[in-house]
Every structure is written in C-alpha cells, then in structure tokens.
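# Commentary on secondary and tertiary structure
The chain contents come next:
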Amino acid sequence: MHFTFRLSLLVFLFSSSVLFSSCSDTERSASPAPEITGTENLESPEELLQKVEQAIEVARQHYLASEKHSPWEIYHGMLAFRKEYEIKKDGKVVNALEWISAGPTFENEPWFQKTEFGGRAHRYTKSNAFEGHKNQSLAILAMADVPLDHQFMTPDGPITVADIVADAQKEIQENEEVTWSLWGLVHYLGPDAVWEDKKGEQWHMEDLVYMQNATLSNESACGGTHALFALSYARNTFQNSGQRLRSYWLEADQKIQKHIEEAKAMQNLDGSFSYDYFFQKSASENFQERLETTGHTLEFLMMALPDDRLNEDWVRKAISLLANDIINNKDEPVDYSALYHAIDGLVIYRNRMSPDRTAQLGSRNFPAQDKTESTDKKRTDRKVLKPVVPPAVPELPELPAKP
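Residues numbered from 1 in each chain as written. Predicted model: local features only at pLDDT ≥ 70, side-chain atom pairs only at ≥ 80, totals over all residues. Heavy atoms only, no water.

## Focus on the overall build of the protein
The condition is simple: Put simply, DSSP marks the helices as runs of H or I at least four residues long and the strands as runs of E at least two long, and each gets a number from the N terminus on. We call two residues in contact whenever any of their non-hydrogen atoms come within 4.5 Å of each other. To measure how exposed things are, a 1.4 Å probe is used in the Shrake-Rupley method; for residues, cover is taken only from the protein chains shown.
Of regular secondary structure, the protein possesses 13 helices and ten strands. The contacts of the protein with a sequence gap of at least 6 include a subset with a gap of at least 24, amounting to 72%. Surface exposure of the protein reaches about 18,200 Å², of which carbon and sulfur atoms provide 50%.

## Regarding the pattern of salt bridges
Filter applied, for reference: Salt-bridge detection follows one rule: a side-chain nitrogen of Lys or Arg within 4 Å of a carboxyl oxygen of Asp or Glu. Relative accessibility thresholds used throughout: buried, under 20% of the residue-type maximum; exposed, over 50%; partly exposed, between the two (1.4 Å probe, protein chains only).
Using the criterion set out here, one finds 17 salt bridges in the structure. One salt bridge in this structure joins Arg352 and Asp307, with 2.6 Å as the shortest N-O distance. Pair noted here: Arg352 is in helix H13 (residues 336-353) and Asp307 is in the loop between helix H11 (287-304) and helix H12 (313-328), with a separation of 45 residues, a long-range link. Arg352 sits in the buried class, given a relative accessible area of 15%. The closest approach of N and O atoms between Arg309 and Glu312, which form a salt bridge, is 2.9 Å. Judged by its relative accessible area of 15%, Arg309 is buried. Connected through shared salt-bridge partners, Glu261, Arg309 and Glu312 make up one network.

## Thoughts on the pairing of strand E5 (residues 112-115)
Stated precisely, the cut-off is as follows: Any two strands with at least two DSSP bridges between them are considered paired.
In this structure, E5 lies alongside strand E6 (residues 118-121), joined through four bridges in antiparallel fashion. Each bridged residue has a counterpart across the sheet, and for Gln113 the counterpart in E6 is Arg120. Linkage of E5 to E6, two consecutive antiparallel strands, is achieved through a turn of two residues.

## Examining unusual backbone geometry
A positive phi angle is found at Asn108, which is not glycine, with a value near 65°. Turning to its location among the elements, Asn108 is positioned in the loop between strand E3 (105-106) and strand E4 (109-110). A positive phi is found at Asp145, a non-glycine position, where the angle reads about 55°. Within the fold, Asp145 resides in the loop between helix H5 (136-143) and strand E7 (151-154).

## Observations regarding the packing of helix H3 (residues 71-81) against H5
Put simply, the rule is: Orientation is described by lines fitted to C-alpha atoms, with helices fitted over the stretch in contact, and by angles between N-to-C directions that extend from 0 to 180 degrees. For classification purposes, an angle smaller than 35 degrees is called roughly parallel, one larger than 145 roughly antiparallel, one from 65 to 115 roughly perpendicular, and anything else oblique. Helix crossings are classified by the rotation of the near helix relative to the far one: an anticlockwise turn of less than a right angle makes the crossing left-handed, while a clockwise turn makes it right-handed. Polar here means any residue other than Ala, Val, Leu, Ile, Met, Phe, Trp, Tyr, Cys and Pro, which are nonpolar, and Asp, Glu, Lys and Arg, which are charged; Gly is therefore polar.
In the contact formed by H3 and H5, the axes pass within 9 Å of each other and the chain directions differ by 25°. It follows that H3 is roughly parallel to H5 by the angle criterion. Considering how the two elements wind past one another, H3 and H5 form a crossing that is left-handed. Here Trp72, Tyr75, His76, Met78 and Leu79 of H3 come into contact with H5, specifically with Gln136, Ser137, Ile140, Leu141 and Met143. By residue class, the composition of the contact of H3 with H5 is seven nonpolar, three polar and no charged.

## A word on the side chain of Ser282
Just so we agree on the cut-off: In protein, a polar contact requires one atom able to donate a hydrogen and another able to accept it; more generally it is a pair of N or O atoms within 3.5 Å, and residues adjacent in sequence count only if both atoms are side-chain atoms.
Relative to the assigned elements, Ser282 resides in the loop between helix H10 (247-265) and H11. A polar contact of 2.8 Å, which involves the side chain of Ser282, links it to the side chain of Asp276. Apart from the residues lying within four places of it in its own chain, the contact partners of Ser282 are Asn268, Phe273, Ser274, Tyr275 and Asp276.

Any functional reading would require information beyond the geometric quantities listed.
Right under this line is the structure:
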C-alpha cells in the first residue's frame, strides 16, 4: 500500500465492537441445557447427524414474515439457509432471495440503493433494522453464493451483486470494521485481488487480512467470532487457490489455531462454550445465552477446523448440546440473529459430514496459482501500523511549599 495506518483504526475498532447490533444481550427464561458430562453418553456420528438435521428443521419452521420482520432478521435467515431460505408473505411461503430481489421496502425505505459507484444494501439506520455492520449483507450474499450478475431492484432501477462489490471496493477505508468487507470481497474477488478506492489509493486483499489480524480481540462483535469466521473463510479461499500460507495469511492461520484451542480449553462440562467467549471460562443456564455464545463459537469452528477434527469428542459434545437446546426449546421465543448463526454452524457441520452434500468452506472460484511464478514475492508497499503512542499526560501544577 502507498499509505499507512493511523492510530484511529485501532481506537475505532476496539471501542465500537459491541455497539453494533449483531449479538443480542436479551435474556429469556427457558429450560436448562441437557446434561452431557461424559463422552460415554455421546451419540455415534450417524445419530448425531440425525439430531442436527432435526434441529435444522426446527429452525426452518420459524418462518419470518415479510410484513413483520426486518431486513436484518431476514438476512440472518439467508445466512443459515442460503438461497433456499423461505419466509412468509401474506401468509404464503415464498423464496426469500426472490422476494428481496423484487425491490421491497422496510419502514418506507428500500432494501437496496443505487450509488455513485454501483449499488449497495441499505445502510444502518437503527438496531436490528437494515445492516448492523458495513457490508454485512454482502457477506451474507457471498455465503449464499449469489452470483455476480444477480439483480436487485431499487427505486432507481436494477443493480447487480457486481455493483455492490464495486461499491464496497470504492468505499473501503482504513479506520473501520473490516470483517464483513473481507468476508464478502474475498469470496467475489479472490485472495489476490488489487483495486483502488475512491481516493485513488491501492488496496490488496491481504491488506484486509492485515486489518482484521490487527484488530481482532474478545471485545470485537460477538467475542470476535465473526472476525474469526471471516479470517477462516479468507484463509480457506487462499489455500483453495493453491498457495502456501505466508505473511498476513499465515498470521491469520495462527490466530485461528490459537482461538480453536482456547474454545476447547474454555468449554463447559455440558458441552457449551464459554459465555465470555475466549476471555475466560464461564457457563450459563439460560437457553438464549447458550444459543448466542455456543452458536457463534461453533459457527467459527465449523469454518476453521480441518476434516480430521470434526469427530473429536469435544466438538461432538458442543454440536449435541446445541442441537438438543434448539430442539428442546423449539416453542420458546428466540432472538433470530442468535438462532440463525447457530444454525449456520450446524448446517456447515451437516454439509461437511454428509457424503451427498458440499460445504462452502471458502470460495473455489479462483484457480490454483501457477507454480512457475513466484507467489512468495515480497511487496515493498505494505501497510505499516504506526506504534501506539500514549496520549501526553498533562503536568500537574506544583504544590505550594509547606509553611
């Protein structure tokens, strides 16, 4: 890059994470988690897969209504069920992607807008309305693998997914939350993409990886699980292109591996993951809280873990606990963000374990690198994070001399 990071990048991202409307802190009364205290009570992989399918079906029957639920809620349903997600409109079941592509409005505002650089999903207006994070909807379109030429209607005419990608490229900034931008852009552009923002400054995809590495913390949205999911998706895409992990990509992998082991170390005896994510070990007897924290952590793990670790006892305990929770509390009020992130984790597990399904673990749309080229060639224009300089401490006035 031909520019450097400013200190405000860290200040902004570390201070803003839990203010965004991605993770609910609403408490619900519900049944406690089932006791799963030993590996001797674990189902076989085949039995566990059947239970997971049952939990997914329970969530599928939670039809959201176009007249009642917000874009933010419906986007989360698309995250879990991809292009097959269905909602109800006027009491009839319809495909969610087809419905939102036709140009609906929410509170008299359009779902999608034309812009100077192409188009975008409607930006944040208030909690749980439109996007909770910049480019959140683009990341969800990526997870649903909606093609670049797919159209969405706006009051000013149609836009395509390619238009939304182009707008995200131009509007990228140094001092902002980067998670969903990385997730969406690496899917559609690939790990080696280079582009210019609206100021004419050049960006490389690995710059977004660097930004995410530099700002990942337990104070990030939902304990950092979204950031870790995006890093895992980007790492997988990089490896799917046939390249050897290096530089910021290798650093991302190291952070992913570290948090995998922290999740395992902080897992509770019942199979749930820590209520405090990766900060410290803690448990909750509240269904909604378990759904929130165990669901988000498992979602990250399902994108990050290699195939040969999916049958480890601690992983199966978490999946069994989460599936049981969803099944046993199917009639309880639920926060749809938490439910659909949990279901996304279970769907990825189901797809990875089912021989007749394919899991989307990063984009495979970018060919393997030609090994005759030097893929490890060093750049000379990398971003450099300025060292953190503490604010100056004002000098205290001298105390009057003692009489």
